[in-house]
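# Descriptive structure summary
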Amino acid sequence: YGQTGSGKTYTMLGPQLEGNFAFSTEDESELGIIPRATQEVFRLISEKPPGSYWVEVSVVEVYNNEIFDLLAKDSYGKVLGIKRDVVTTREGKSDVPLLTHEIVENASEFLHLVNKGLQLRVRHPTLVHAHSSRSHLVVTLTITTVVFGDSFGTSWEDEQTSQRLNKEVSCTFPQKMRDNKSSSSSGASSPVQLEATEKMKQVKTRLQLVDLAGSECVGMSGVTGAALRETSFINRSLSALADVLGAIAEQRSHVPYRNSKLTHLLQDSVGGDAKLLVMLCISPGQK
């Protein structure tokens, strides 16, 4: 969070390659939060039994209070930002129907997809910032964990059973994960295997990494026309986010998530039992 040109995109992505706005991963010390967080997620997963976790990624931008799927493709395979909508499910969770989710198996696959989405992100030069982001970028990692038993804690014996059962329960895994497994030999499953299969649960965890558009003073940025309309939507959505955070901090009975597509989309990561970290980028004033 911060005003335009204060370093939000640099903080989240690190240095970007000039011309195509892809972010560079060559200098480890300059990596942004998104590539660092992803590398840490996959490092932790690598310490777990193979096949007990899988990761899906989605990349969207909130532009002029509309949600665009930056990983969607048209019938010709060409990448286009396709408009989506956010809904609240019966369980009270925010969800985006028909959103593209790609399965990734390592950090480099993830970074390739995010770079692909970044090419479509809306930018517009202003007097304050030559490459001003005109949308909020939301990168979501959905981590599905296979859990055995009635509790969420997985014992050493459960992990051994999990490894033995990988082939038998492969029907619950995404296609990409199944393709990497060797075909199981024919034969009836033992009672122990069937019981363990019945006890298996899937737990989904969502990590949302957000690069907000910058708040903007029109008098300083000098925007007109379409860019002025963009500024209006940006400032309104940031005000809506401030209202939501204020309502949560004051423990009000009503939290106005639906006042903006941005806050509705981020509802699960802001409220409830989620952990939220806001990084403030402060620009020095001219004074």
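As the structure is a computational prediction, the values presented were derived from the model and not from experiment.

### A closer look at the UniProt feature "binding site: ATP" (unreviewed entry) in the protein chain
UniProt records the feature "binding site: ATP" (unreviewed entry) at Gly2, Gln3, Thr4, Gly5, Ser6, Gly7, Lys8 and Thr9, using the numbering of this structure. Of note, Gln3 is situated in the segment before α1 (8-13). A relative accessible area of 40% means that Gln3 is categorised as partly exposed. Leaving out residues up to four positions away in the same chain, Gln3 has contacts with Lys8, Gly214, Ser215, Cys281 and Ser283. Checked against the element boundaries, Lys8 lands in helix α1.

### Section: the packing of aromatic side chains
What the rule picks out here adds up to one aromatic pair. Taking NZ or CZ as reference, Arg236 lies 4.8 Å from the ring centre of Phe233, over its face.

### Some remarks on the pattern of salt bridges
Under the counting rule described, the total for this entry stands at seven salt bridges. Arg206 is paired through a salt bridge with Asp268; the nearest N and O atoms lie 3.4 Å apart. Taken together, the positions of Arg206 in strand β10 (residues 201-211) and Asp268 in helix α10 (residues 267-270) put the pair 62 residues apart, joining distant regions of the chain. With a shortest N-O distance of 2.9 Å, Glu250 and Arg252 are connected by a salt bridge. Judged by relative accessible area, Glu250 falls into the exposed class, the value being 54%. Each of the salt bridges in this network shares a partner with another, and the network as a whole consists of Glu40, Arg43 and Glu47.

### A few points about empty space enclosed by the protein
This structure, assessed with the given rule, holds one cavity of 30 Å³ or more. Quantified by volume, the largest cavity comes out at close to 50 Å³. Considering the residues around the largest cavity, the lining is formed by Val62, Tyr63, Asn64, Asn65, Arg134, His136, Glu230, Phe233, Ile234 and Ser237. Elements supplying a minimum of two residues to the lining of the largest cavity: β1 (53-63) and α8 (226-249). Tallying contributions element by element places α8 first for the lining of the largest cavity, with four residues.

Here is what the cut-offs are and how they apply
By convention here, each chain's residues receive numbers from 1 onward along its written sequence. The predicted nature of this model means local features are confined to residues of pLDDT at least 70 and side-chain atom pairs, given and counted, to a pLDDT of 80 or more, with totals for whole chains, interfaces and linings taken over all residues. With hydrogens and water set aside, each side-chain value is computed from the structure's full complement of heavy atoms. UniProt positions are given in the numbering used here, feature names are shortened, and annotations may be inferred rather than shown by experiment. What counts as a helix is a DSSP run of H or I of at least four residues, what counts as a strand is a run of E of at least two, and both are numbered from the N terminus. Each residue's exposure class comes from its accessible area (1.4 Å probe, protein chains only) as a fraction of the maximum for that residue type: buried when under 20%, exposed when over 50%, partly exposed otherwise. Should any heavy atoms of two residues lie within 4.5 Å, those residues are considered in contact. Classification of ring pairs uses Phe, Tyr and Trp, with its six-membered ring standing for Trp, and accepts pairs whose centres are within 6.5 Å; under 30 degrees between planes counts as stacked, over 60 as edge-to-face, and the remaining range as tilted. A ring is considered to have a charge above it if a Lys NZ or an Arg CZ atom is located within 6 Å of its centre and within 35 degrees of its normal. Counted as salt bridges are all cases of a side-chain nitrogen of Lys or Arg within 4 Å of a carboxyl oxygen of Asp or Glu. With a 1 Å grid laid over protein atoms only, a set of points is called a cavity when a 1.4 Å probe fits there but cannot get out and a pocket when it is open yet has protein on both sides within 12 Å along at least five of seven lines; lining residues have an atom within 4 Å of a point. Grid points are joined across faces, edges and corners, and a volume is the space filled by probe spheres set on the points.

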